[in-house]
Amino acid sequence: MTSTYAHADLYAEVQHFYARQMQLLDARKLEAYADTFTADAEFAHTPGREPARTRPGILRDLHAVHERFEGDPQQRRHLFTMIDIEPTPEGPIRSTCYALIVTTRPGAGPELVRSCVVHDVLVREDGELRNRSRQVEHD
Amino acid sequence: MTSTYAHADLYAEVQHFYARQMQLLDARKLEAYADTFTADAEFAHTPGREPARTRPGILRDLHAVHERFEGDPQQRRHLFTMIDIEPTPEGPIRSTCYALIVTTRPGAGPELVRSCVVHDVLVREDGELRNRSRQVEHD
Amino acid sequence: MTSTYAHADLYAEVQHFYARQMQLLDARKLEAYADTFTADAEFAHTPGREPARTRPGILRDLHAVHERFEGDPQQRRHLFTMIDIEPTPEGPIRSTCYALIVTTRPGAGPELVRSCVVHDVLVREDGELRNRSRQVEHD
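Remember, it's a predicted structure, so these values are computed and weren't measured experimentally. Within every chain, residues take consecutive numbers counted from 1 along the sequence as written. Naming scheme: in the order in which they are written, chains are lettered from A and ligands are numbered from 1. The predicted origin of the model limits local features to residues at a pLDDT of at least 70 and limits the giving and counting of side-chain atom pairs to 80 or more, whereas totals for whole chains, interfaces and linings rest on all residues. Only heavy atoms go into the side-chain values, all of them from the structure, while hydrogens and water stay out.

A.B. asks: Just to check I follow, could you spell out the interface of chain B and chain A for this structure?
C.D. replies: A common way to express how large an interface is: the accessible area buried when the components associate. The contact rule is simple, with two residues in contact once any of their heavy atoms fall within 4.5 Å. With 21 residues of chain B at the interface, the matching set in chain A holds 24 residues. The quantity reported as buried area is the accessible area (1.4 Å probe) lost by two parts once they are put together, taken as the sum for both. A combined buried area of about 1,900 Å² lies between chain B and chain A, and 62% of that area is made up of carbon and sulfur atoms. By salt bridge we mean one thing: a side-chain nitrogen of Lys or Arg within 4 Å of a carboxyl oxygen of Asp or Glu. Inspection of the chain B/chain A interface yields two salt bridges. Identification of polar contacts relies on pairs of N or O atoms within 3.5 Å, with a donor-acceptor requirement for protein atoms, meaning one able to donate a hydrogen and the other able to accept it, and with residues adjacent in sequence counted only if both atoms are side-chain atoms. Viewed at the interface, chain A and chain B are joined by 10 residue pairs in polar contact (both at pLDDT 80 or more). Going through the elements one at a time, α1 (2-26), β3 (75-87), β4 (93-104) and β5 (110-125) of chain B are the ones with two or more residues in the side of chain B that touches chain A. Helix and strand assignments come from DSSP, with helices taken as H or I runs of at least 4 residues and strands as E runs of at least 2, each series counted from the N terminus. Looking at the side of chain B that touches chain A element by element, the count peaks at six residues for α1(B). For the side of chain B that touches chain A, the per-class residue count stands at 12 nonpolar, six polar and three charged. Lys, Arg, Asp and Glu make up the charged group, whereas Ala, Val, Leu, Ile, Met, Phe, Trp, Tyr, Cys and Pro make up the nonpolar group; the residues left over, Gly among them, are polar.

Written as structure tokens, this is what we have:
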């Protein structure tokens, strides 16, 4: 039974991690979001764009990406669902999930702007999950 | 390990609670939905509208809101995702999650009509979770 | 506590099963998707269309349905959320959840094409969950 309990426990933990992580991004708490990655992480969020590397590199990239919202106010929401996890013998957790991005602009209804598949490698540091890598495929 | 198991257990319970609660609302079982709130609950679902208070008050408010669907038949679906919970030392659980509202009218495809953030305070009564308060922010 | 742990465990297992199952369908791994049904399963995915029966019958039906995508390239995503499960005394698990279907065509943004309610009966075979039946209602 131990292994089954361990699975449920990890599954809930990954779901909860994603909820907190992406609520930080959507609230534009960019430093706190960057802290959910390891110091040496790699983050490829846009096909054809060079991945951001290291936590400071990811934070710089986040600021660059968010600058374009200055002239186009909007509330973005990242919804991660359909999470498939696979713990590896070496310890990292491979997680593959779907992400929908929904944007709402002032005075308008919500708009579905992107459907993605997210490929994560998660590791545990000081008891907390963090992304060692994230690669986002756009549909 | 106990605390970790307890976390997974509570996380699944909150997810399951939301699934049942919102399936009741979408099926227009308004009394059963109102029963998922405590007797003294406060429910603020629309910015600028006075919150509904007490279970009978919530039920009256639900009937008033649903009257407008009489002349505009539609199937609404409330999707709660990205659930972040925080048990407090006093017992209540603070839960913050995203809600999408999808509406389908006869002969038409589904429409994404609202993106929200839901702020709940959940308590346990007779072993069951209930909302002591719900405050809904619209994007 | 055992029963509570058992619930969280089963809830996570059903969520994970759906994630894997529907990622297979969306990747058009039709044989692997058909293998998530029992040999004698019944699958009614479209109102007014005869349900597919038995695993080979389900596979034939999947091929027939997917043929129409040959001339209309698109990436479909099935998102199952708001899962309500009810283990029965005889063993099967009744699961009722919401499904959104999102389609992205080359050069275009994602489109919400269908909102459904999925009624499943899940059973355990050789330790794995499988669908003994699936009935999909379209909104």
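A.B. asks: Teacher, can you tell me more about the pattern of salt bridges here?
C.D. replies: Inspection of the entire model under this criterion finds 33 salt bridges over all chains. A salt bridge links A:Arg53 to A:Glu50; the nearest nitrogen and oxygen atoms lie 3.2 Å apart. Note on classification: 1.4 Å probe, protein chains only; a residue is buried when its accessible area is under 20% of the maximum for its type, exposed when over 50%, partly exposed between these limits. For A:Arg53, a relative accessible area of 41% puts it in the partly exposed group. The class of A:Glu50 is exposed, set by a relative accessible area of 59%. In this structure, C:Asp35 engages C:Arg55 in a salt bridge whose closest nitrogen and oxygen atoms are separated by 4.0 Å. Linking C:Asp35 in the loop between α2 (30-34) and β1 (37-44) with C:Arg55 in helix α3 (residues 55-67), this pair joins segments that are 20 residues apart in sequence. Take C:Asp35: its relative accessible area is 38%, and that puts it in the partly exposed class.

A.B. asks: Where do I start with the confidence of the model for chain A in this structure?
C.D. replies: Parts of the model with low pLDDT should not have their predicted coordinates read in detail. pLDDT measures how confident the predictor is about each residue, on a scale from 0 to 100. In this model, chain A carries a mean pLDDT of 93, and residues with pLDDT of at least 70 account for 96%. In the predicted assembly, ipTM is 0.94 and pTM is 0.95.

A.B. asks: What am I meant to see in the relation of the copies chain B and chain A here?
C.D. replies: Each of the two chain copies can be generated from the other by rotation about an axis followed by a shift along it. A residue counts toward the fit only if its pLDDT is at least 70 in both copies, and the copies are then superposed by least squares on the C-alpha atoms of those residues. For the match of chain B to chain A, the screw axis carries a shift of 0.0 Å, the RMSD comes to 0.0 Å, and the turn is 120°. Such a turn and shift between the copies fits a three-fold axis.

A.B. asks: How should the interface of chain C and chain A be read in this particular structure?
C.D. replies: Each partner contributes to the interface: chain C provides 24 residues, whereas chain A provides 21 residues. Between chain C and chain A, the buried area comes to about 1,900 Å², and carbon and sulfur atoms account for 62% of it. The largest per-residue losses of area from chain C upon contact with chain A belong to C:His16, C:Gln23 and C:Arg77, which jointly make up 29% of the total buried on that side. Ionic pairing is found between A:Asp139 and C:Arg77, a salt bridge with its closest N-O pair at 2.7 Å. If you list the elements that add at least two residues to the side of chain C that touches chain A, you get α1 (2-26), β3 (75-87), β4 (93-104) and β5 (110-125) of chain C. Looking at the side of chain C that touches chain A element by element, the count peaks at 13 residues for α1(C). Split by residue class, the side of chain C that touches chain A holds 11 nonpolar, eight polar and five charged.

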